[in-house]
Amino acid sequence: MAHTKGVVNRRAKGEVEKPTNGHITANAVGEQKTDYSRWRLKDDDGCQTWHYLETDEELKAWPQSTADKYHLGLETGLPKLPAAKTPLESAANGLSFFSHLQLPPGNWACEYGGPMFLLPCAVITWYVTETPVPEAWKIEIKNYLYARQNPEDGGWGLHIEGESSVFGTSMNYVVLRLLGAGAEDPRIIKARGLLHEMGGAVYGPHWAKFWLAVLGIASWDLVNPVPPEFWLLPDWVPLAPWRWWIHMRMVFLPMSYVYSKRWQYPLNDVTRSLQQELFTEPVEKINFLSHRNSIHAKDNYHPKSWLLNSINWGLVNVWNPYLRPNFLIKKAENWVWWLVQEEDHNTEYSNLGPVNGPMNTLVCYIQEGPDSYSVQEHRKTLPEFLWVKGEGMLMNGTNGVQVWDTAFLIQACVTAGFAQDPKWKPMLIKALEFLEAQQIREEVREQKKSYRQSRKGAWGFSTKKQGYTVSDCTSEALKAVMLLQNIPGYPQLISAARQQQAIDVLLTMQNPSGGCASYEPTRGPAYLEWFNAAEVFGRIMIEYDYPECTTAVVGALSMFTERFPDYRTSHIADFKQRAVEYIRTSQHADGSWYGSWGICFTYAGMFALEALASVGENYENSERVRRACRFFLDRQMEDGGWGETYKSCETGTYCQHAQSQVVQTAWVCIALLEAGYPEPEPLKKALGMVMGRQCANGEWKQEAIEGVFNKSCMISYPNYKFTFTIKAMGMFAEKWGNIELL
Ligand code: LAN
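Predicted model only: the values in this text are computed from it and were never measured. (Residues numbered from 1 in each chain as written. Predicted model: local features only at pLDDT ≥ 70, side-chain atom pairs only at ≥ 80, totals over all residues. Heavy atoms only, no water.)

(A) Main features of helix α11 (residues 306–323). Along its length, α11 reaches its greatest deviation from straightness, about 40°, at Leu315. If you check which residues of α11 are buried, you get Leu308, Asn312, Leu315 and Val316. (Bend = angle between axes of the 7 residues up to and from the residue. Helix = DSSP H or I, 4+ residues; strand = E, 2+ residues; numbered from the N terminus. Buried < 20%, exposed > 50% of the residue type's maximum accessible area, 1.4 Å probe, protein only.)

(B) Highlighting the domain arrangement of the protein. Annotation of the protein at the domain level lists domain 1 (84–112 + 590–741), domain 2 (117–395) and domain 3 (451–586). Using only C-alpha atoms to locate each centre, domain 1 and domain 3 end up separated by 22 Å. Each partner contributes residues to the interface: domain 1 has 25 residues there, and domain 3 has 20 residues. At the junction of domain 1 and domain 3, the tally comes to two salt bridges. In this structure, the salt-bridge partner of Lys479 is Glu610, at a minimum N-O distance of 3.3 Å. Inspection of the region where domain 1 meets domain 3 yields ten residue pairs in polar contact (both at pLDDT 80 or more). (Domains from an automatic or database assignment. Contact = heavy atoms within 4.5 Å. Salt bridge = Lys/Arg side-chain N within 4 Å of Asp/Glu carboxyl O. Polar contact = N/O pair within 3.5 Å; in protein donor to acceptor, adjacent residues only side chain to side chain.)

(C) Spatial organisation of the pattern of salt bridges. Enumeration over the complete set of coordinates arrives at 41 salt bridges. Between Glu377 and Lys380 there is a salt bridge whose closest N-O contact spans 2.8 Å. Placement of the pair is Glu377 and Lys380 together in helix α14 (residues 373–381), with a separation of three residues, close to one helical turn. Residue classification places Lys380 among the exposed residues on the basis of a relative accessible area of 54%.

(D) Main features of the UniProt feature "domain: Squalene cyclase C-terminal" (unreviewed entry) in the protein. The UniProt entry lists residues 403–732 under the feature "domain: Squalene cyclase C-terminal" (unreviewed entry), expressed in the numbering used here. Between the end C-alpha atoms of residues 403–732 the distance is 26 Å, and the span holds 47% helix and 5% strand. (UniProt positions renumbered as here; feature names shortened; annotations may be inferred.)

(E) Fine view of the site of the ligand. Around the ligand, a shell composed of 23 residues is seen, among which Tyr112, His247, Phe461, Asp472 and Trp597 lie nearest. At 2.3 Å from an oxygen atom of the ligand is found a side-chain nitrogen or oxygen belonging to Asp472. For the ligand, the accessible surface in isolation is 630 Å², of which the surrounding protein chains cover 99%. Elements with a contribution of two residues or more to the shell around the ligand: α9 (246–261) and α17 (471–485). At three residues, α9 tops the list of elements feeding residues into the shell around the ligand. Residue composition of the shell around the ligand, by class: 17 nonpolar, five polar and one charged. (Near = heavy atom within 4 Å. Areas by Shrake-Rupley, 256 points an atom, 1.4 Å probe, with all protein chains shown as cover. Nonpolar A, V, L, I, M, F, W, Y, C, P; charged D, E, K, R; others polar.)

(F) Molecular detail of the packing of helix α24 (residues 662–675) against helix α25 (residues 681–692). Remark: α24 packs on α25, axes separated minimally by 10 Å, with the N-to-C direction vectors making an angle of 150°. In terms of their interaxial angle, α24 and α25 are classed as roughly antiparallel. For the element pair α24 and α25, the recorded crossing hand is left-handed. In contact with Val662, Thr665, Cys669, Leu672 and Leu673 of α24, α25 contributes Leu683, Ala686, Leu687, Met689 and Val690. (Axes fitted to C-alpha atoms, helices over the stretch in contact; angles between N-to-C directions. Parallel < 35°, antiparallel > 145°, perpendicular 65-115°, else oblique. Left-handed = near helix turned anticlockwise from the far one by under 90°.)

(G) Spatial organisation of the environment of Tyr603. Looking at where Tyr603 falls in the secondary structure, it is placed in helix α21 (residues 601–614). Given the relative accessible area of 2%, Tyr603 is considered buried. Tyr603 sits 34 residues away from Met637 along the chain, and the two C-alpha atoms are 17 Å apart. With residues up to four places along the chain from it excluded, the contact list for Tyr603 reads Trp404, Glu548, Trp597, Gly598, Trp667 and Tyr720.

(H) Layout of the packing of helix α6 (residues 166–178) against helix α8 (residues 206–214). It is at 9 Å that the axes of α6 and α8 come closest, and there the two elements cross at 25°. As summarised for this structure, α6 and α8 are arranged roughly parallel, according to the angle between their axes. Handedness of the α6/α8 crossing: left-handed. Contact residues: Phe167, Ser170, Met171 and Val174 in α6; Trp207, Ala208, Trp211 and Leu212 in α8. Here the contact of α6 with α8 is built from residues that sort into seven nonpolar, one polar and no charged.

(I) Geometry of α21. Between the first and last C-alpha of α21 there are 20 Å, a value that for 14 residues agrees with the 20 Å anticipated at 1.5 Å per step. Extensive coverage of α21 is indicated by the burial of twelve of its 14 residues. Three or more residues of α21 are buried, namely Phe601, Thr602, Tyr603, Ala604, Gly605, Met606, Phe607, Ala608, Leu609, Glu610, Ala611 and Leu612. One or two steps after α21, the chain reaches Gly616, where phi turns positive at roughly 80°. (Expected span 1.5 Å × (residues − 1).)

(J) Structural detail: the confidence of the model for the protein. Mean pLDDT over the protein works out to 96, with 97% of the residues at or above the 70 mark. Note on residues 1–20: pLDDT under 50 across the span, and 30 contacts to partners over four residues away in sequence or across chains. (pLDDT = per-residue confidence, 0-100.)

(K) Highlighting the nonpolar core. Core analysis: the biggest nonpolar cluster contains 248 residues, and Trp39, Phe117, Trp207, Leu278, Leu428 and Phe537 have the highest contact counts within it. Looking at which element gives the most residues to this core, the answer is α24, with eleven residues. Other than its neighbours up to four places away in sequence, Leu428 contacts Leu409, Ile410, Cys413, Phe418, Ala419, Leu484 and Tyr490. (Core = buried A, V, L, I, M, F, W, Y, C linked by side-chain atoms within 4.5 Å.)

In structure tokens, the structure reads:
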């Protein structure tokens, strides 16, 4: 098969290319742009996909909604609201704006971007599986990458606010070229210059090397081993993959299959040219084997341990060439393939996340062929990770933030007293219906064999279809349900039995430390971190205790016990007591807590103080809480706000942002209110600042990035600027009255 023209002219069998449309425009230098009035966000039961309408008939049949316009960065035309003077007026204005963004199933959607290594996973997978990519997507993916190219050095980092690295630059360079960008485009030349300055693509981390090998651009010799044999280790072995953090093992799984097959896409003109562009010397001269461990300092957040390096050496030089028997290879590949199929089945091909999704697609392609059912299904679900915004098309960190954001919005509304207001009731009932529809109702088949945590009764972060229990997502959703169902006039959509099922799942999630992790209790020993091969991330190999997750579970258990005092009472009491004790012991001497999922000390402090408040520990009676308040108050900025940069997550010490941040200011206000801080002044000043930043239509604009994972990668939570502001305003008004702050 000739592969000379890149993705541009490929089509799946039987697919007919639509005529080129006049609405794709190009400017004087040939940069293309789609017509943004033609994009639509579809939300089927929480399953979100973007569509580009080609014909005028389609446009007529499917008008653009306010939410579409907002997400695309177009003018929404939402009205100016009466200026807010009090916190509740400000919260109501915010809610008024936000309510227009609710989608028909009842949830809210958002861009969930930040990581810059996700588009490459999808685009390379489409390329090597010869999956056609619509013209409009190609144009907007390129636009997004150009918009996010570092204007100074021409590169890309691990995430949108990060410094340029070999990972970000080499992978996004490849994406642009595969989607048709010319090698002599000035922006590409600039990126290439930087890549060469950094030593070329051989200095990328493991995952970059993997994708280069898949594309056929580099030899598999470049890639540190990913032996599927690991999956044959007996379960009792401390190193066995089922004990790893779920994201790591679910990436390792398909990766090990592809590695074992040494599968590569046949070279074509584009990839052959990339071989010349990505490296600093002619490809024929490169000794790929010698570059297995080459890594640029900017990419080496978590250097590999000597132990892992030695194991890799043994695998490459002894095990693979001399010992690895064929029967074992077959056995391991078969077992891995079985686990891949289970993952596909249990998630209806949407998969745990945006890295294993594309990789599983590739495994199905290799195992079952291009036209197989599994590959077709994957082709349908991968677009659920895509998102379109003003800058172009990007890849979200999950297939959405549906359950998570919807749960917080409900809680904020209840806190602010909006749930009783007939004006907001239809919106909140829809939101409740959404949570009802998204509760996971069944265990997976073969739960034990596929190493899955219990999930019946749980909620995940995005959708029921994705179907992974998350401790705090279950807790926040359950809290939202209990809060609303407790208000007269709201339908009892989730029965007591179903709430109890959620509690049953939560009760399986405590660690011996008392703390809770994210998807599962910790399964492996801490020294597994020595086997962290990814280089770019920290704390990825096992589950850890998180103050955020632990607090959420404590909150759900407390609220549940008020409603069902007889259900598993002693178990719940014991759980809570140990969980709060963990929160206490995880406090740093300066009064702070390190946050793993939001930035950073600000985020975790808010949760920790909520947990302490739930057992009556407050400013008045607890030195610990006073210390935590002091930590925050010492960092209040001139304008009354708080601002912490993502560097805190990387370094483990509080890093001051130059500007105060609306979201973080709301978090601190919530923290101080949970703590029962006795003075209103700092809060008044803080919320006054937040209100001053509100636009006339009730909106708050996006500021610095809010979230993080694995210490080094940031991720956006754009809806926090609505949910947490509303909650903070509501809590303030309850405690200090709805007084004029502006
Ligand atoms: C998320 C998003 C949500 C987040 C919270 C619920 C906020 C947290 O409290 C628990 C952990 C969880 C569920 C979480 C885990 C890691 C995720 C899935 C992400 C940060 C979103 C993207 C990230 C995922 C690992 C990205 C893919 C990258 C790899 C390294 C595989």
